[in-house]
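Topology and contacts: notes
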Amino acid sequence: MRAVTPAETDRLRVEFAGEQFSVAPGTVFTVGREGDLAIDDNLFLHRNFLTIQSVEGLWLLSNVGSRLSATVTDSGGRVQAWLAPGARLPLVFAATSVIFSAGPTTYELTIHAAEPTFRETQPPADDDGLSTIGEVPLTHSQRVMILALAEPVLRRDGTGMSELPTSAQAAERLGWTLTRFNRKLDNVCDKLDRAGVPGMRGGVRSYATNRRVRLVEHAVAARLVTRDDLPLLDVERENSLRGESGSGDDDAG
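Treat the numbers as computed from the prediction; the structure is a model and nothing was measured.

Tallying secondary structure elements over the protein chain gives five helices and 14 strands in all. Residues counted as buried form 47% of the 253 residues belonging to the protein chain. Across the protein chain, contacts joining residues at least 24 apart in sequence account for 57% of those joining residues at least 6 apart. Carbon and sulfur atoms make up 51% of the accessible area of the protein chain, which totals about 12,800 Å².

Now for the environment of arginine 211. Relative to the helices and strands, arginine 211 is located in helix 4 (residues 208–221). Sequence-wise, arginine 211 and aspartate 186 are 25 residues apart; in three dimensions their C-alpha atoms are separated by 9.7 Å. If we skip the residues at most four places from it in the chain, arginine 211 touches Leu185, Asp186, Cys189, Gly199 and Met200. Among the polar contacts made by the side chain of arginine 211, one reaches the side chain of aspartate 186 at a distance of 3.0 Å.

The next thing to look at is the nonpolar core. Counting residues in each nonpolar core, the largest one holds 33 residues, and the members touching the most others are Met145, Ile146, Leu149, Phe181 and Leu215. Here this core takes nine residues from helix 1 (residues 140–155), the largest share from any one element. Every residue in contact with leucine 215, bar those within four places of it in the chain, is listed here: Met145, Ile146, Leu149, Leu185, Val188, Leu192 and Met200. Counting residues in each nonpolar core, the second largest holds 27 residues, with Leu37, Phe49, Leu68 and Ala70 among its members.

What follows concerns the sheet that holds strand 5 (residues 50–55). The strand order across the open sheet formed by five strands is 4-3-5-6-9, and the pairing between neighbours is mixed. The open sheet terminates on both sides in strands that have one partner only, identified here as strand 4 (37–38) and strand 9 (88–90). Where strand 5 and strand 6 (residues 58–63) come together, six bridges link them in antiparallel fashion. Counted as the bridge partner of serine 54 is tryptophan 59 from strand 6.

Moving on, we come to the pairing of strand 1 (residues 12–16). With burial as the criterion, only one face of strand 1 is covered, namely that bearing Leu12, Val14 and Phe16; the residues Arg13 and Glu15 on the opposite face remain uncovered. When strand 1 meets strand 2 (residues 19–23), the two strands line up antiparallel, connected through five bridges. Looking at strand 2, one finds that leucine 12 is bridged to valine 23. A loop of two residues connects strand 1 with strand 2, the two strands running antiparallel in sequence, and alanine 17 in this loop sits at a positive phi of about 50 degrees. Both strand 1 and strand 11 (residues 105–113) contribute to a ladder of four bridges, which runs antiparallel. Counted as the bridge partner of glutamate 15 is threonine 110 from strand 11.

Burial runs high along strand 11: nine of the nine residues are buried. Covered by surrounding structure in strand 11 are Thr105, Tyr107, Leu109, Ile111 and Ala113 together with Thr106, Glu108, Thr110 and His112, the residues of both alternating faces. Pairing analysis gives four bridges linking strand 11 to strand 14 (residues 160–163), with the strands arranged antiparallel. For threonine 106, the partnering residue across the bridge sits in strand 14 and is serine 162.

The rules behind each value
Residues numbered from 1 in each chain as written. Predicted model: local features only at pLDDT ≥ 70, side-chain atom pairs only at ≥ 80, totals over all residues. Heavy atoms only, no water. Helix = DSSP H or I, 4+ residues; strand = E, 2+ residues; numbered from the N terminus. Buried < 20%, exposed > 50% of the residue type's maximum accessible area, 1.4 Å probe, protein only. Contact = heavy atoms within 4.5 Å. Areas by Shrake-Rupley, 256 points an atom, 1.4 Å probe, with all protein chains shown as cover. Polar contact = N/O pair within 3.5 Å; in protein donor to acceptor, adjacent residues only side chain to side chain. Core = buried A, V, L, I, M, F, W, Y, C linked by side-chain atoms within 4.5 Å. Pairing = 2+ DSSP bridges.

What follows is the structure in structure tokens.
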């Protein structure tokens, strides 16, 4: 990789599916079905969804779409924001991950800054053995349920796009009934909704697909599940087929 010259330190670099794009001050970089980064011909995706530009020396990420939202997080998953239509956020980290979904497809791109405004520090390791989001603990069955939905994203190398499984496909992956899977999904979404995570509760304009993809966005961005957890899926399926799954872990809420 070639060295970055002083003239490039004011630029940002956008990475998606193995491609890299340079963004210079004084320009507006657009992401969507069309634009500088035309990521997919997915008709669920806005023609122009996100823009990146420098305003008075500060890089801003803006959602210029009308329906879709994005999850924005630092590279360590320690800071997370929900970028709704019309909102904008400063890009202050060395690496910022942007995760969003259009229909059943989830996309992830990374924005790199040569001279970030904010320098990250590594917090002490949490070795209590529980996976948590804020103060919300997850049971084993809730965790593997999320893994079954997030598996295509976690198996992907780098940034890019992934087609998420349906609830029926994810239930089959675990060796569960669809009823059990949906009950676990309801429980997790209720917990996260109570913890203040947006997009977890359905409404007039929300559908089951939206809730699943939003859960995956949040879980991946928050590092709730990682690629290292994927072997749990095969273990859970084997246990389920032997009738050993779920003992003492049938979370009621």
